[in-house]
Structures are given as structure tokens and as C-alpha cells.
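A closer look at the structure
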Protein chains: 2
Amino acid sequence: MQVTTLCLGALVFGDATGYEINKMFEDGPFSHFLDASYGSIYPALMRLAEEGLVTCKAEAQERRPDKKIYSLTGKGRLKLRDALQQPIADDKFRSEFLFTLLFAHLLPRNRVRTMVDHRLAAMKQKLIELSQPDAEDTPGMDFARQYGYAIYSASIDFLENNRHLIEDIATEEEAHV
Amino acid sequence: MQVTTLCLGALVFGDATGYEINKMFEDGPFSHFLDASYGSIYPALMRLAEEGLVTCKAEAQERRPDKKIYSLTGKGRLKLRDALQQPIADDKFRSEFLFTLLFAHLLPRNRVRTMVDHRLAAMKQKLIELSQPDAEDTPGMDFARQYGYAIYSASIDFLENNRHLIEDIATEEEAHV
DNA sequence: TTAACATATATAGCGCCGATATATCGGCCC
DNA sequence: GGGCCGATATATCGGCGCTATATATGTTAA
């Protein structure tokens with residue numbers, strides 16, 4: 001699923017600038033299960049405008065660069081509907097944390113402990129974010145939020161209950177991969 | 001973390017060809033939390049060989065292209081050890097499934113039901129794969145496997161217990177995004 | 001005061017995925 | 001027997017997308 005499709009989806013929730021769409025992926029409702037960045041969002045919006053799937057209205061601002069507000073067109077809605085009916089790719093989970101732990105027996109114990117501490121702290125932070133329902137959320141967003149909450153809860157439980165397994169096999173002294 | 005680093009890590013478990021490394025990412029021990037493909041693995045191995053981080057030994061085969069067996073060098077081990085001490089990127093979870101469900105209220109109920117059924121079937125398959133410990137696994141691999149098991153279990157539980165939330169808001173008739 | 005942060009758009013460089021090309025063998029179905 | 005698929009094995013092309021950066025300015029905090 002390309003960034004163009006994600007932008008189409010973002011615009012279903014209302015007109016937005018590229019900057020605002022980026023925020024949806026960085027902090028907003030999409031941030032927990034999608035990613036896209038400026039380097040792909042701006043070109044995507046330009047491509048979509050060329051194809052007539054969105055319209056772009058420049059809004060002058062005092063002492064600021066113009067805002068370019070994008071809106072979905074009817075054609076864009078149809079294109080999104082079409083994309084949503086296509087076969088869906090499998091969920092992807094990418095973890096450099098687990099990759100690093102594959103070599104735990106070759107790493108100093110302190111390094112492993114610190115890594116686990118950091119990961120737990122990060123996940124607990126995510127859990128807090130996901131525990132707060134927003135009145136403005138659509139039912140789909142609320143579902144995704146609860147789904148994320150369930151997964152982070154399980155991850156935290158697992159890590160807290162099993163971290164000793166990986167820490168016990170780490171070496172006491174310096175690393176010697 | 002680049003594919004070069006992942007290849008270095010793969011070679012810690014023993015000499016391998018590019019083809020075999022690819023299999024580790026596709027079906028093997030890395031498949032549940034990492035990805036890399038031919039388009040990045042072959043160039044990565046060539047770059048690593050140029051830098052003296054791996055060596056390459058061509059093995060002639062009858063009526064087959066030569067196997068190129070790659071081995072980690074001492075310098076490569078040090079490089080990996082160094083990479084493993086660097087700050088680790090956050091885990092990334094990417095789900096087109098959840099993205100699509102954001103628009104559940106705009107999709108036909110049958111489509112949503114089928115999607116959930118497919119996702120559950122796929123996750124149950126993963127769960128089966130992850131439930132079988134392998135005597136050859138290192139402790140790190142075993143930990144990663146159990147971690148994956150915990151997450152898929154939680155996902156399946158959540159989906160089974162909450163699918164009605166999202167199915168109830170889907171529309172009865174045709175899509176009208 | 002000055003650094004950091006937020007608003008806002010845009011691009012260059014490079015890494016990586018997906019698809020494809022090439023070549024051969026074994027197994028399976030018809 | 002013939003044809004097709006999947007596995008083995010290497011390699012590259014095209015295009016997408018991330019990271020970092022450039023540009024410009026206002027606000028907030030130290």
C-alpha cells in the first residue's frame with residue numbers, strides 16, 4: 001500500500017495540508033501502525049493532484065509560506081474505495097530490539113539490561129497514549145487504539161516476566177561477539 | 001539498521017550463501033521480526049566483501065551456478081559488535097489491516113468479516129509456527145519465538161473478542177466511501 | 001539572548017523492495 | 001512422455017520512500 005493511498009485515507013477525515021498529514025503519521029491517529037514522512041507525502045500529494053484525485057487550494061498567510069490545503073475529489077474517493085477492496089498485505093513487525101537480543105549471549109549483561117529497561121519504558125509510554133480515548137475518534141480509530149493497547153500490554157507482561165531468560169545468558173564482562 | 005548489519009548477524013550463525021540468508025528472512029528464524037530481500041542482500045554482501053568484513057568462497061556445482069559461500073571475518077565480527085552497541089530504533093508495527101478498518105463504517109459488512117477471518121487465520125498459522133521450539137535454536141532465538149507467541153496470542157484474543165465492534169459499524173450494502 | 005520548538009514546503013541522496021532475467025533439476029499431474 | 005511448478009542460485013533495474021537538509025519565521029522557554 002503506497003503513500004498515495006494513505007494520503008487519500010487521511011483526507012477522508014477532512015481537508016489537510018502536507019504538514020498536517022505528516023503529523024497524523026508522527027503523533028496522530030495513524031502513528032501506531034503506519035508510517036510515512038515528508039519525503040514521500042509531498043511528492044504523493046503532487047502526484048494525486050496531477051491525477052485529479054485531490055484538489056489543492058493555496059491559502060496565503062502573513063509572514064509564512066502559503067498553506068496548501070488538499071481536499072479529496074469524488075474521483076479520489078472512488079480510488080480509495082477501490083484500494084480498500086484490494087488484497088491486504090500481512091501486518092509487518094520489525095524489531096531491531098529482538099535482532100540484538102539474538103546475540104545476547106555475546107553481549108555484556110549491563111547492555112542487555114539497559115536495552116530491556118529502555119524498551120519497557122518506551123512501551124509503557126505508548127500504553128499511556130493508547131489508554132486515552134478521544135471523543136473525536138471514529139469507531140475504527142477507537143478499535144485500532146484498543147488493539148494497540150492489547151498488544152503493548154502483552155509485550156510488557158512478557159518482557160517483565162521473561163527478561164531474566166535473556167539477561168541470564170548475557171556475559172558478565174565485556175562484549176566478545 | 002541496514003541490511004549489511006543484518007547479514008553480518010546472519011553469518012554469526014554460520015557460513016551461508018545469499019540464497020540461504022534470504023531464506024532466514026523469509027521462512028527462517030528472522031522472519032517474524034525482520035525483513036530483507038534479494039535486492040538488498042546481494043548488494044550488501046558485495047559491499048561487505050569489498051570492505052573485508054566477510055570473505056567469499058565460490059564453490060563450483062555441476063550444472064548449477066556457482067554457490068558463493070560467505071564467511072564472517074574478524075573485522076566483520078568487530079563491526080557487528082560495534083553495531084549492536086549503537087542506539088536501537090523503536091520497534092515498528094505496520095498494519096494495512098488496521099488502516100483499512102479505519103474505514104469500516106464505509107465498507108460492506110461482508111468485506112470486513114472476510115478481512116477479519118483472513119487475519120485470524122494468518123495469525124493462527126503464525127502461532128503454530130511459533131509454538132514449536134527447535135533444539136538448534138540459540139537462547140536468543142527461543143526468546144524471540146516466545147515473545148512472538150505472546151504477541152500473536154494477545155492479537156488473536158483481542159480480535160476474537162472485539163471483532164463485533166468493527167463489524168457492527170460496517171454498512172450492510174455496497175461500499176460508498 | 002539565544003536556543004529550542006512549531007509552522008510550512010520542498011528536494012537530494014541513497015537504501016531497499018518487488019519484479020524480472022537466467023539456468024537447471026526433481027516431482028507431480030495428465 | 002510432456003508440460004508445469006517449485007526449489008536452488010545469482011544478479012540487476014526501476015521506482016518508491018526514508019533521512020537529512022535547506023529555507024523562512026514566529027513563539028516559548030531557559
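Please refer to the structure higher up on the page.
The text that follows walks through the structure, step by step, so that each part is easy to find. What you see is a predicted model; the values in this text were computed from it and never measured.

Describing the pattern of salt bridges
Evaluated as defined, the whole model comprises 14 salt bridges over all chains. With a shortest N-O distance of 3.7 Å, B:R119 and A:D90 are connected by a salt bridge. Residue B:R119 is found in helix α6 (residues 109-130), and its partner A:D90 is found in the loop between α4 (74-85) and β3 (92-94); the two belong to separate chains. A relative accessible area of 7% places B:R119 in the buried class. Measuring nitrogen to oxygen at the nearest pair gives 3.0 Å for the salt bridge that ties A:R163 to A:D117. Of the two residues, A:R163 is situated in helix α7 (residues 139-169) and A:D117 in helix α6 (residues 109-130); the sequence distance between them amounts to 46 residues.

Observations concerning the interface of chain B and chain A
Across the boundary between the two partners, chain B contributes 62 residues, which contact 62 residues of chain A. Roughly 6,700 Å² of surface becomes buried between chain B and chain A when both sides are summed, with 68% attributable to carbon and sulfur atoms. Sorting the residues of chain B by area buried against chain A places B:R94, B:F99 and B:F143 first, and these three jointly supply 12% of that buried surface. The interface formed by chain B and chain A includes 6 salt bridges. A:R94 serves as the salt-bridge partner of B:D35, at 3.3 Å between the closest nitrogen and oxygen.

Conventions adopted
Residues numbered from 1 in each chain as written. Chains lettered and ligands numbered in written order. Predicted model: local features only at pLDDT ≥ 70, side-chain atom pairs only at ≥ 80, totals over all residues. Heavy atoms only, no water. Salt bridge = Lys/Arg side-chain N within 4 Å of Asp/Glu carboxyl O. Helix = DSSP H or I, 4+ residues; strand = E, 2+ residues; numbered from the N terminus. Buried < 20%, exposed > 50% of the residue type's maximum accessible area, 1.4 Å probe, protein only. Contact = heavy atoms within 4.5 Å. Buried area = accessible area lost by both parts, 1.4 Å probe.

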